[in-house]
Amino acid sequence: MKIPAWFGAETTPPGPARGGGQTEGFVEKNLGAVTGFMKEVLESHEYSHRKGMLQAIEARARTGGIIILVVSAAFMEKILSLLVLALVAAAIMRLSQVDGPSLLKRVLPPALFTGILVIPAFFSFITPGSEIVGFTVAGYRIAMTVEGVEVGLRLLVRVSVMVSFVALLFLTTKEADLFRGLKGLSVPGFFITALFMTFRYILILLKTVEDSTLSRKSRTISRTALKGSQGWFAGRVAFLLQRSINISEEVTMAMASRGFKGKIKTLEEKNLSGRDYLWLGFTSFLFFIALGV
Amino acid sequence: MHIPDGYLGPRTCIALYAAMLPVWLVSSRRLDKALKIKRLPLIALAAAFTFVVMMFNIPIPGGSTGHMVGGAVVAIVVGPWAASVALSIALALQAMLFGDGGITALGANCFNMAFIMSFSGYLIYRLAASGEPTPKRRWAAMFLSGYVAVNIAALAAAVELGVQPALEQTLDGRPLYAPYPLAIAVPAMMVPHLLFLGPIEGLGTALIVSYVFRTNEELVVERGRLSTRPLWAALIIMIILTPLGLLAAGTPWGEWGVEEVKTLVGYVPEGMQRLAGAWKGVMPGYGMGGISNVLAYILSALLGSIAVVTVIYLLGRPWQRR
């Protein structure tokens, strides 16, 4: 499915709910979060239909292989080894027809967060070691150390590589295939069914949130008092909770009347092909290499 | 509070997956017993609700907004076992589909937010709102439940991150994963939670649950009947986990003997010298003659827990009669 061009275009918010130069209000932020989520879901649908390397691998093998790669990155100790794994991620991205910006959009937030978080670790007061550059303040020496940079960079590269693999899995896999893949990895049926249902319900509840937030936005002509905003928030979320419980009771009755026993039946699993075994062999090989590097 | 991939070492990840396994098993068995077909949509919708609530921005003073986890809300309304499963599912979806929280750290995130937060939130609410609470006390109980639960969960996450430098090191002793020790990780995590995120969680919990209470009282009262079973389960798990302390090398900070103090600061303060060894305890050093350290440690924990439960029971009797 292709994302329509108008969906990605920046638009100015209608109505005077947000004045020029004012910061985003909580209504706009909520709307932004909902549309951002929908966009991400649609984007993954687009990539999962492309003809690429990961898309050609059977869902179980694809999920299993990516998990092996994530675990391999967790075991690696040397920055150089992690950078090699980053190259593997880049190669998989290219071969799977995933665009760099789409992957970066998912990798950058945790990478940036980690980047900021590790800055103090570069310095001698956290990681003592051989000085690269330093200065003295009130008799106290503050210096960037080789060991500190190594510790910080290792964490930064590791987090980026691991997040990249997870993002590649999400971008190239329809959620139904992903859950089917988990089923193949012996995750209990109860959880798989609940995951299936949860994903569907999230979309329903988000639509409810979007509708109520839009209606609020369209009726807002000036800033409202904090108490009023909090009351609105409480009312919406409590309504959401109430609606969730009502839907659950209706769904239960609908399921029971149709003879549903609590287990979702999926299309017959395909047998793994040579390509799938090759992929699993490759990822396992990297895992065993990771144990020593 | 969602710990991403790469921050926790493999040993911690495996240990926390292992810690969550019995919770998932017991929860799904309990839900199986309570007619799975009936509970399944409720669990899925509670998970979807948690997922959506984590995206919601709450207006807070100063024109800013904040996010909440929602663990205490779900636990109060659907009970702690169902909430544990629902939050685990929401966290799994966030990790798998949106990279929010890691796949390797999923066990840890579920342990902190699905298990600790649900159970502590639920128990705090039931205890603080026990009896016939006035609307004000009920509101305070809801706030307290959200505030304390999110802080306990944050403390657990901080400890998991803070022990990494000691647990996972390179050959030359440098941290392989999260680089900050407990002395930095705990305040860095707790100060924003105690001052900012905790009040948001407390306020959000109180606003939502009190609204639910006003519109559908039965939902909170009937589903939230107090059971002491989760408390007993948590107590037993804590007793089993007690010997973990034996893995730590060295003396805990501030628990030095006079010899260690002398080595650390060069002398022993006079008052400390005078009082040192005045009271050796019933079981000095958690030891018991002729029994292995681990067994003695477990027995000490068991005896300590029995003592605490007895004291609480005895103190609670007059209070219950009132």
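Above this note sits the structure.
Conventions adopted
Residues take numbers from 1 onward in each chain, read along the sequence in its written order. Chain letters and ligand numbers both follow the written order, the letters beginning at A and the numbers at 1. Per-residue local features of the predicted model are confined to residues with pLDDT of at least 70, and side-chain atom pairs are confined, for both listing and counting, to 80 or more; whole-chain, interface and lining totals are unaffected and use all residues. Side-chain measures here rest on the full set of heavy atoms in the structure, leaving out hydrogens and waters. Here a helix means four or more residues in a row that DSSP labels H or I, a strand means two or more in a row labelled E, and each is numbered from the N terminus. The contact rule is simple, with two residues in contact once any of their heavy atoms fall within 4.5 Å. Using the Shrake-Rupley algorithm and a 1.4 Å probe, accessible areas are obtained, with residue cover drawn only from the displayed protein chains. Ring geometry is summarised as follows: Phe, Tyr and Trp rings, the Trp one being its six-membered ring, pair when their centres sit within 6.5 Å, and such pairs are stacked at plane angles under 30 degrees, edge-to-face over 60 and tilted between the two. Salt bridge, as applied in this entry: a Lys or Arg side-chain nitrogen positioned within 4 Å of an Asp or Glu carboxyl oxygen. Whether a residue is buried, partly exposed or exposed follows from its accessible area with a 1.4 Å probe, protein chains only, as a fraction of its type maximum: under 20%, in between, or over 50%, in that order.

1. Things to note about the overall build of chain A
Next, step 1: The secondary structure content of chain A amounts to 11 helices and two strands.
Next, step 2: For chain A, the succession of helices and strands along the chain, N to C, is α-α-α-α-α-α-β-β-α-α-α-α-α.
Next, step 3: Partitioning the contacts of chain A with sequence separation of at least 6, the portion at a separation of at least 24 is 76%.
Next, step 4: For chain A, the computed accessible surface area is about 14,800 Å², with 66% contributed by carbon and sulfur atoms.

2. Here we look at the packing of aromatic side chains
Next, step 1: For the structure shown, the criterion picks out 10 aromatic pairs over all chains.
Next, step 2: Where Phe123 of chain A meets Phe125 of chain A, the ring centres are 6.0 Å apart and the plane angle is 5°; that geometry is what we call stacked.
Next, step 3: Within the aromatic cluster, the residues linked to one another by ring pairs are Trp81, Phe111, Phe115 and Phe119 of chain B.

3. Here we look at the pattern of salt bridges
Residues and elements named next belong to chain A.
Next, step 1: All chains considered together, the criterion is met by five salt bridges over all chains.
Next, step 2: Salt-bridge contacts for Arg50 lead to Asp99; the nearest nitrogen and oxygen are separated by 3.6 Å. Of this pair, Arg50 sits in the loop between helix H2 (26-48) and helix H3 (53-56) while Asp99 sits in the loop between helix H5 (79-95) and helix H6 (100-118), placing them 49 residues apart in sequence.
Next, step 3: A salt bridge links Arg154 to Glu150, with the nearest nitrogen and oxygen atoms 3.1 Å apart. Here the residue Arg154 and the residue Glu150 both occupy positions in helix H7 (residues 146-172), the gap between them amounting to four residues, near one helical turn.
Next, step 4: Residue classification places Arg154 among the buried residues on the basis of a relative accessible area of 2%.
Next, step 5: We classify Glu150 as partly exposed; its relative accessible area is 34%.

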